[in-house]
Amino acid sequence: SKACREIMNKDSELLNSVRAAEFLGIVGYLDPSEPMVKLLYSSKNEKEALLILNSIVLMKDYYFKYNFNIELLKINQKVRDNKLIQERLNYLKVL
């Protein structure tokens, strides 16, 4: 789990960090909500952000019912203007 935490905190690819946080949440090692939301805020790429949101939905709806506090204005403007992103944010009751 130390290696996963290091990937979650330091990997240059956001999706690797998200997957590490997701794994740590699935096995119950930590609550992945804060790191995953921070990674979402860091994303400038719509496809990447959509994958992050998909992981957030999975963690919220299925694994341990984690709570995610997502602030719309902290998401990159280009990302939040994307129609698919808006659908996920609407599902998560952010919009």
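Quick look at the structure, then.

What counts and how
Residues numbered from 1 in each chain as written. Predicted model: local features only at pLDDT ≥ 70, side-chain atom pairs only at ≥ 80, totals over all residues. Heavy atoms only, no water. Salt bridge = Lys/Arg side-chain N within 4 Å of Asp/Glu carboxyl O. Helix = DSSP H or I, 4+ residues; strand = E, 2+ residues; numbered from the N terminus. Buried < 20%, exposed > 50% of the residue type's maximum accessible area, 1.4 Å probe, protein only. Axes fitted to C-alpha atoms, helices over the stretch in contact; angles between N-to-C directions. Parallel < 35°, antiparallel > 145°, perpendicular 65-115°, else oblique. Left-handed = near helix turned anticlockwise from the far one by under 90°. Contact = heavy atoms within 4.5 Å. Nonpolar A, V, L, I, M, F, W, Y, C, P; charged D, E, K, R; others polar. Polar contact = N/O pair within 3.5 Å; in protein donor to acceptor, adjacent residues only side chain to side chain. Patch = residues over 30% accessible without salt bridge, like charges linked within 9 Å, V, L, I, M, F, W, Y side chains within 5 Å. Areas by Shrake-Rupley, 256 points an atom, 1.4 Å probe, with all protein chains shown as cover.

**Side note on the pattern of salt bridges**
One pass over the structure, following the stated rule, counts four salt bridges. The salt bridge partner of E22 is R19, with a shortest N-O separation of 2.9 Å. Placement of the pair is E22 and R19 together in helix α2 (residues 14-26), with a separation of three residues, close to one helical turn. By relative accessible area, E22 is classed as buried at 9%. Take R19: its relative accessible area is 41%, and that puts it in the partly exposed class. Measuring nitrogen to oxygen at the nearest pair gives 3.8 Å for the salt bridge that ties K78 to E46. Separated by 32 residues along the polypeptide, K78 in helix α5 (residues 77-80) and E46 in helix α4 (residues 46-61) bring together distant segments of the chain.

**Concerning the packing of helix α3 (residues 33-42) against α4**
Between α3 and α4, the least distance of the axes is 9 Å, while the angle of their chain directions is 160 degrees. On the basis of their axis angle, the class for α3 and α4 is roughly antiparallel. Helix-helix and strand crossings are classified by hand; for α3 and α4 the assignment is left-handed. In this structure, α3 uses M36, L39 and L40 to contact α4, whose residues at the interface are A49, I52, L53, S55, I56 and M59. The residue makeup of the contact of α3 with α4, split by class, is eight nonpolar, one polar and no charged.

**Let's talk about α3**
Burial analysis of α3 places seven of its 10 residues in the buried class, which makes it a mostly covered element. Every buried residue belonging to α3 is among S33, P35, M36, V37, L39, L40 and Y41, and all of these are buried. Elements that come into contact with the buried residues of α3 comprise α1 (2-10), α2 and α4.

**Points about the side chain of E22**
Here S55 takes part through its side chain, which lies 3.2 Å from a polar atom of the side chain of E22. With residues near it in sequence (within four places) discarded, E22 still touches M36, S55, L58 and M59.

**Observations concerning a nonpolar patch on the surface**
Taken together, F23, V27 and Y29 make up a surface patch of nonpolar side chains, about 300 Å² in accessible area. By the element assignment, V27 lies in the loop between α2 and α3. For V27, a relative accessible area of 49% translates into the label partly exposed.

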